[in-house]
Amino acid sequence: MTSIPVEDNGEPLADVRGVLAVDGRLADPGGAYAHLRESLLARLVKAQRKLPYGYRLLVVEGYRPPALQRQYFEGYKDELRGAFPEMSPEELHVAASRYVSPIEVAPHTAGAAVDLTLATEAGVELDMGTPVNANPEESDGACYTAAPNISADARAHRKILGAALEAAGLVNYPTEWWHWSYGDRYWAMTTNTRTAIYGPRTLP
Ligand SMILES: C[C@@H](N)C(=O)N[C@H](C)C(=O)O
Ligand SMILES: [Zn+2]
């Protein structure tokens, strides 16, 4: 994926709070987690309008500073090393990359990816089969978007979420039902677009 060029269009990061419902479980003091590229946020607003009556998007994490992305990647690699001590460093890197992006291609550091779920108007989260951020080991693979080992309700909720977000132009990372992106390298690859339009940046 690193072969896909990035031509950042310079679009600013926008605050999601006050526009969509945002959950505070991963909040940082500066509010970085609640920022996304402007056009991605506009697409989420469109997606929310496509949801059935009474459903809302609930944003959990958007922009991630590079240092935090590295911390997530190394932390998960350490967890895997403890569980699978026989793995070589290369195998650990590949296995960790399934669930957390290595820094070179991380879409959250570009404000181009969002982790989100569905909730009621009152903010009660719907059953999606696993919590947001459940990893493949702890969820027995149920975090995969197309996993068969979830209830019919959870399947229906994933379908509703996916239909609204796809119609708004976002793409899903199939290891994680909650991870959607627009404008990053993974989006460019999936949509056959020549370049990604958002690269890594810092929050002013
Ligand atoms: C860690 C998880 N929430 C996540 O965001 N994973 C993707 C693949 C990422 O790090 O970009
Ligand atoms: Zn994500």
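Residues numbered from 1 in each chain as written. Chains lettered and ligands numbered in written order. Predicted model: local features only at pLDDT ≥ 70, side-chain atom pairs only at ≥ 80, totals over all residues.

## What to know about the overall build of the protein chain
Helices and strands together make up the secondary structure of the protein chain, namely 5 helices and 7 strands. Ordered by position in the sequence, the α and β elements of the protein chain form the string β-β-β-α-β-α-α-β-α-β-β-α. For the protein chain, the proportion of its 204 residues judged to be buried stands at 36%. In the protein chain, 69% of the contacts between residues at least 6 apart in sequence involve partners at least 24 apart. (Helix = DSSP H or I, 4+ residues; strand = E, 2+ residues; numbered from the N terminus. Buried ≥ 20, exposed ≤ 12 C-beta atoms within 10 Å, placed from the backbone. Contact = placed C-beta atoms within 7 Å.)

## Comments concerning the site of ligand 1
Close contacts around ligand 1 come from 13 residues, with Val100, Ser101, His108, Asp115 and Asn133 the closest. For the shell around ligand 1, a count of residues per class yields 7 nonpolar, 4 polar and 2 charged. (Near = placed C-beta within 6 Å. Nonpolar A, V, L, I, M, F, W, Y, C, P; charged D, E, K, R; others polar.)

## Some words on the environment of Val94
Residue position: Val94 is located in helix H3 (residues 89-97). Along the backbone, Val94 and Lys46 are 48 residues apart, and their C-alpha atoms lie at a distance of 35 Å.

## With respect to the nonpolar core
Ranked by size, the top nonpolar core spans 41 residues in total, and within it Leu36, Leu40, Leu57, Val59, Val114, Leu116 and Trp180 carry the most contacts. Of all the secondary structure elements, the ones that give two or more residues to this core are helix H1 (38-49), strand S4 (55-61), strand S5 (113-120), helix H4 (152-167) and helix H5 (185-190). The contact partners of Leu40, leaving out residues within four places of it in the chain, are Ala112, Val114, Tyr182 and Gly183. (Core = buried A, V, L, I, M, F, W, Y, C linked by C-beta atoms within 7 Å.)

## Remarks on unusual backbone geometry
One non-glycine residue, Asp140, lies in positive phi territory at about 55°. Inspection of the secondary structure puts Asp140 in the loop between S5 and H4. One non-glycine residue, Asn192, adopts positive backbone phi at about 55°. Relative to the assigned elements, Asn192 resides in the segment after H5.

## Comments concerning the UniProt feature "active site" (unreviewed entry) in the protein chain
Under the UniProt annotation, "active site" (unreviewed entry) lies at Glu176. Assignment of secondary structure puts Glu176 in the loop between strand S6 (171-172) and strand S7 (179-181). (UniProt positions renumbered as here; feature names shortened; annotations may be inferred.)

## Things to note about the UniProt feature "site: Transition state stabilizer" (unreviewed entry) in the protein chain
Those places that UniProt annotates as "site: Transition state stabilizer" (unreviewed entry) correspond, in this numbering, to Arg64. Relative to the elements of secondary structure, Arg64 occurs in the loop between S4 and helix H2 (66-83). Beyond its immediate chain neighbours, meaning those up to four positions away, Arg64 contacts Gln69, His108 and Thr109.

## Section: the confidence of the model for the protein chain
Caution applies to low-pLDDT regions: their predicted coordinates should not be interpreted in detail. Across the protein chain, the average pLDDT comes to 96, with 100% of residues at or above 70. For this predicted complex, the interface score ipTM comes out at 0.95, while the overall pTM is 0.95. (pLDDT = per-residue confidence, 0-100.)

## What about the pairing of S4?
Burial analysis of S4 places 5 of its 7 residues in the buried class, the great majority of the element. With 2 bridges connecting them, strand S2 (residues 21-22) and S4 associate as parallel partners. Looking at the pairing, Ala21 lines up with Leu58 of S4. In terms of strand pairing, S4 meets S5 through 6 bridges, oriented antiparallel. When the sheet's bridge partners are listed, Arg56 is paired in S5 with Ala119. (Pairing = 2+ DSSP bridges.)

## Here we look at the environment of Tyr76
Tracing the backbone through its elements, the reader meets Tyr76 in helix H2. Separated by 20 residues in sequence, Tyr76 and Ala96 place their C-alpha atoms 6.3 Å apart. Among all residues touching Tyr76, those that are not within four sequence positions of it are Ala96, Tyr99 and Val100.

## Some thoughts on the sheet that holds S5
Reading across the sheet, the 5 strands line up as S2-S4-S5-S7-S6 and stay open at both edges, with mixed pairing between neighbours. Taken across any chain shown, the strands that pair with only one partner, and hence form the sheet edges, are S2 and S6. Strand direction decides the pairing type here: S5 and S7, joined by 3 bridges, are antiparallel. Bridge pairing links Asp115 to His179 in S7. H4 rests against S4, S5, S6 and S7 of the sheet, and its axis sits at about 125° to S5. (Axes fitted to C-alpha atoms, helices over the stretch in contact; angles between N-to-C directions.)

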